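Inside the fold
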Amino acid sequence: MELLKKTAVEIRKALINKEVSAVELTEAVYKRIDEVEDKIGAFNSLTKESALLTAKKVDEKIQNNEELPLLAGIPLALKDNINFKGYKTTASSKILENFVSPYDATVSIKLKENLIPVIGKTNLDEFAMGSSNENSAFKKVHNPYDLNKVPGGSSGGSAASVAALESYLALGSDTGGSIRLPASFCGITGFKPTYGRVSRYGLIAFASSLDQIGPFGRCVEDVANLYYAISGLDKKDSTSLNMPLEDPQKTLKNDIKGLKVGVIKELLTDDVDDDVKCAVLNAVKVYEKLGCTVKEVSLPLLKYSIGIYYIVATAEASSNLARYDGVKYGYRTQNPQNLMEMYTKTRKEGFGDEVKRRIMLGTYALSSGYYDAYYKKAQQIRHLVKEDFDRVFKDVDVLISPTCPNTAFEMGSRNDDPIKMYLTDVGTICANLIGSPAISIPAGFDKSNMPIGVHLIADCFKDNLLLQTAYNFEKETDYNKHFANL
Ligand code: GLN
C-alpha cells in the first residue's frame, strides 16, 4: 500500500535503486485495480499486455544500467478519448463502443518513447461533455473520498484512478475544465497547458479551439515532468505551437519572491461555499508569506464566459460529431429502410442525451440567420474576454481563484438542471477561451472532508511560471499528502 502512495519522483528512486522493478510496480497497480475498481468505475478497459511489455523494457534497461527517461516505468492511466493503437477508444459513447484505434495519438507515441506503461483507458463523460462523469454511456465514476459523490468531469476516471491509488499518473483532456475540476474534486493536481503546447492529434475532437490534453499527478513535480514529456511541436496538428519548449525543471524549484498574484474578485462572491473561500484566502496568505505581492483584480467580462463557451463549444461539437454517421466507423443501426434512416437511427441510438442536446444547440447557433446573432457574437465577446485578461496580466503574473465554487456534490443531484451543472465550470472555462495555462492544486478539505482545489492561471506560454507558482505552494503545505480512505 505504501508503495502505491508514492509520487512518481519517489518511485523513480526506488526503481533506480532496484528496490522495486517496473513489472512489480505495474502488477501492484493491477492488483489494486482488482481490489477497488468495482467501487470506483474509473476504467473502461485495461491495456495489460502493453503495460507489462513496456515495464519489461524498463527493467531490462535498469539491469543494463542504461539511461532512463524521467517517468520510465511509472504506470499511467489514459483517458478513453485518446487513441492508443490496437486498443479500444470509446469516448464512453455507445457510438464508439467497439472502435479499436488503428493508430496512436501523438501523446500516446510520446508515452511509448518515454517508456511510460499505459495501464488502461479511463472512463469519462460521453465525448468529454459533462462536469460529473454521470454522462458516460457505460457506468458512473465514484469519488474515492465519498463513493456517493461525483468525481468531477469529464476526466473523472483519470482523476479518480490517481486518487484511488489505481495509477500514479494520468492524462485527461480539458475543453472547459475537464482536467482541473476532477483534480479539485478528487484532491490531486491537474494541469491544462497553453493551447497548442500538447498536440491534439489522435484526441477525439469535442471543441477543437478549446480542447487541450494535460496531466494529472500526486504532486506538481510529477505533473510538470509529464507535461514536458508529452509537449512539443507536432506537424500533424495545425494548431500546435511552434515555440521553444523549456524544461519546467529548470525553474520549478526557484522561489517566487516578488511574484505578483491577483485575486479574481468576480470568482470570490457569495456563491462560493465558505470552506472553499477560506481555502483560497488561506492560499493567498501562503503566497504572501512566500514574498509575493497580492492584490484584488477585476475581470468584468468573466461573467459571459459560460454563455460564450456553450455557443462556441456546442457549435464546434456539432460539426466535429457529424462524422459519426454509421458509414465510416462506429455503431450502425440494424436493418434501416433507406440511407436517411440509417443516418438518423444510428445517431439517435448511438448518442446519449447530453451529446444530442449539444449537437442541437450547436447546429442551431450555426444555422443561417442565427450564425451572426450567436456564433459570431460569441467569438467577438471571447476576444473581449481575452483583452480583459491581457490588461490584467500587465499588472499581475498569476491569477488565483477557487477551481469550483463548491466541492464534489452528490451523484444525481444536478442531473435535472443542466444550467446548474454548466455553472460548475464558472472558474475554469475562461482559461480555455483565452488559451492560457491553468492548474488546480489541492488546498484543503471542507467540513465533510471533501478535497478543495485552488485554481491558478498564468498568461499564455507561461506554463513554467505557473508550475513554479504551484510547486512553491505545495512545498509550504501538505494537502497533497492526504489519501482517500477506501
Ligand atoms: N464541463 C464542461 C462541458 O461539459 C467542460 C468539459 C470539458 O472540459 N471537456 O462542456
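The preceding data block contains the structure.
These numbers were taken from a predicted model, which means no experiment stands behind them.

Let's talk about the sheet that holds strand β1 (residues 43-46)
On the basis of which strands lie adjacent, the open sheet formed by 11 strands has the order β1-β3-β2-β4-β6-β5-β10-β11-β9-β7-β8 and mixed pairing. Looking along the sheet, the strands with just one partner apiece sit at the ends: β1 and β8 (293-297). Neighbour-to-neighbour, the strand axes of the sheet open up by a mean angle of 30 degrees, direction not taken into account. Taken together, the 3 bridges between strand β2 (residues 76-79) and strand β4 (residues 169-174) define a ladder with parallel strand orientation. Paired with Leu78 across the bridge in β4 is Leu171. In this fold helix α5 (residues 156-163) packs onto β1, β2, β3 (118-122), β4 and β6 (212-217), with an angle of close to 155 degrees to the strand it touches most, β4.

Notes on the nonpolar core
Counting 58 residues, the largest nonpolar core has Leu76, Leu111, Leu171 and Leu226 as its most contacted members. Core analysis: the second largest hydrophobic core is formed by 48 residues, Phe99, Ile204, Leu210 and Ile311 among them.

Some points on the pairing of β8
Note on strand geometry: in a regular strand, side chains alternate between the two faces of the sheet. Bridge analysis of strand β7 (residues 260-264) against β8 gives 5 bridges, and the strand direction is parallel. When the bridges of β8 are listed, Gly262 appears paired with Lys295. Following the backbone out of β7, through helix α9 (residues 274-289) and into the adjacent parallel β8, one traces a crossover that is right-handed.

Overview of the packing of aromatic side chains
One pass over the structure, following the stated rule, counts 19 aromatic pairs. Here the aromatic rings of Tyr370 and Tyr374 are separated by 6.0 Å at their centres, their planes lie at 35 degrees, and the arrangement is tilted. Take Tyr374: its relative accessible area is 33%, and that puts it in the partly exposed class. Linked through ring pairs, Phe99, Phe127, Tyr324, Tyr329 and Phe351 together constitute an aromatic cluster. Above the face of the Tyr331 ring, Lys94 is positioned so that its terminal group lies 5.0 Å from the ring centre. Geometry around Phe409 places Arg414 over its ring, the cationic atom sitting 4.3 Å from the centre.

Quick word on the state of the cysteines
A covalent bond between the sulfur atoms of two cysteines is what we call a disulfide. Inspection of the entire model under this criterion finds 0 disulfides. Distance from the sulfur of Cys404, which forms no disulfide, to the nearest cysteine sulfur (Cys186) is 12 Å. Free of any disulfide, Cys430 has its nearest cysteine sulfur in Cys460, 12 Å distant.

Thoughts on α9
The end-to-end C-alpha separation of α9 is 23 Å, in line with the 22 Å expected for 16 residues at 1.5 Å each. Within the span of α9, buried status applies to Asp275, Val276, Lys277, Ala279, Val280, Ala283, Val284, Val286 and Tyr287. Taken from the residues just after α9, Gly291 is the one with a positive phi, measuring 90 degrees.

Looking at the side chain of Thr7
Its place among the elements puts Thr7 in the segment before α1 (8-16). Classification of Thr7 by relative accessible area gives buried; the value is 14%. The contact partners of Thr7, leaving out residues within four places of it in the chain, are Arg218, Cys219 and Asp222.

Some details on the site of the ligand
The environment of the ligand is formed by 15 residues, the closest being Thr175, Gly176, Ser178, Tyr309 and Asp425. A distance of 2.8 Å separates an oxygen atom of the ligand from a polar backbone atom of Gly130. Between the ligand and Gly177, the relevant distance is 3.3 Å, taken from an oxygen atom to a main-chain nitrogen or oxygen of the residue. For the ligand, whose unbound accessible area comes to 290 Å², protein coverage reaches 100%. Of the residues contributing to the shell around the ligand, the split by class is 5 nonpolar, 7 polar and 3 charged.

Re the pattern of salt bridges
A side chain with one charge can pair with a side chain of the opposite charge if their charged atoms come near. In the structure shown here, the tally under the stated rule is 22 salt bridges. Put simply, Lys139 and Glu37 hold a salt bridge, and the shortest N to O gap is 3.9 Å. Separated by 102 residues along the polypeptide, Lys139 in the loop between β3 and α5 and Glu37 in helix α2 (residues 22-40) bring together distant segments of the chain. In this structure Lys139 comes out as partly exposed when scored by relative accessible area, which is 34%. Residue Asp104 is joined to Lys112 by a salt bridge in which the shortest nitrogen-to-oxygen separation is 2.6 Å. On the basis of relative accessibility, which here comes to 11%, the residue Asp104 falls in the buried class. Salt bridges linked by common partners bring Glu354, Arg357 and Arg358 together as one network.

Some points on unusual backbone geometry
The peptide bond linking Gly153 to Ser154 adopts the cis configuration, its omega dihedral lying at 10 degrees. Among the secondary structure elements, Ser154 is positioned in the loop between β3 and α5. Positive phi, normally seen in glycine, also occurs at Lys18, with a value near 60 degrees. Look at Ala128: it is not a glycine, yet its phi comes out positive at around 70 degrees. Residue classification places Ala128 among the buried positions, given a relative accessible area of 5%.

Description of the packing of helix α10 (residues 305-320) against helix α13 (residues 371-392)
Helix-helix packing is described using two parameters, namely the angle between the two axes and the distance between the axes. Relative to each other, α10 and α13 sit at 125 degrees, their axes nearing to 9 Å. Considered as vectors, α10 and α13 are oriented oblique to each other. Seen along the crossing, α10 lies across α13 with a hand that is left-handed. Each of Ile308, Ile311, Val312, Ala315 and Glu316 in α10 lies in contact with α13, whose residues at this interface are Tyr374, Tyr375, Ala378, Gln379, Ile381, Arg382 and Val385. When grouped by side-chain class, the residues that make up the contact of α10 with α13 number 9 nonpolar, 1 polar and 2 charged.

Considering the side chain of Lys192
Counting through the fold element by element, Lys192 comes out in strand β5 (residues 189-192). For the buried Lys192, no salt bridge exists, and the shortest N-O distance to an oppositely charged side chain is 6.1 Å, to Asp174. A polar side-chain atom of Lys192 sits 2.9 Å from the main-chain carbonyl oxygen of Ser436. Beyond its immediate chain neighbours, meaning those up to four positions away, Lys192 contacts Asp174, Arg180, Gln212, Ala431, Asn432, Gly435, Ser436, Pro437 and Ala438.

Criteria and thresholds
Residues numbered from 1 in each chain as written. Predicted model: local features only at pLDDT ≥ 70, side-chain atom pairs only at ≥ 80, totals over all residues. Heavy atoms only, no water. Pairing = 2+ DSSP bridges. Helix = DSSP H or I, 4+ residues; strand = E, 2+ residues; numbered from the N terminus. Axes fitted to C-alpha atoms, helices over the stretch in contact; angles between N-to-C directions. Contact = heavy atoms within 4.5 Å. Core = buried A, V, L, I, M, F, W, Y, C linked by side-chain atoms within 4.5 Å. Buried < 20%, exposed > 50% of the residue type's maximum accessible area, 1.4 Å probe, protein only. Right-handed = clockwise from strand over helix to strand, strands pointing away. Phe/Tyr/Trp six-rings, centres within 6.5 Å; stacked < 30°, edge-to-face > 60°. Lys NZ or Arg CZ within 6 Å of the ring centre and 35° of its normal. Disulfide = S-S within 2.5 Å. Expected span 1.5 Å × (residues − 1). Near = heavy atom within 4 Å. Polar contact = N/O pair within 3.5 Å; in protein donor to acceptor, adjacent residues only side chain to side chain. Areas by Shrake-Rupley, 256 points an atom, 1.4 Å probe, with all protein chains shown as cover. Nonpolar A, V, L, I, M, F, W, Y, C, P; charged D, E, K, R; others polar. Salt bridge = Lys/Arg side-chain N within 4 Å of Asp/Glu carboxyl O. Parallel < 35°, antiparallel > 145°, perpendicular 65-115°, else oblique. Left-handed = near helix turned anticlockwise from the far one by under 90°. Lys, Arg positive; Asp, Glu negative; His and termini not counted.

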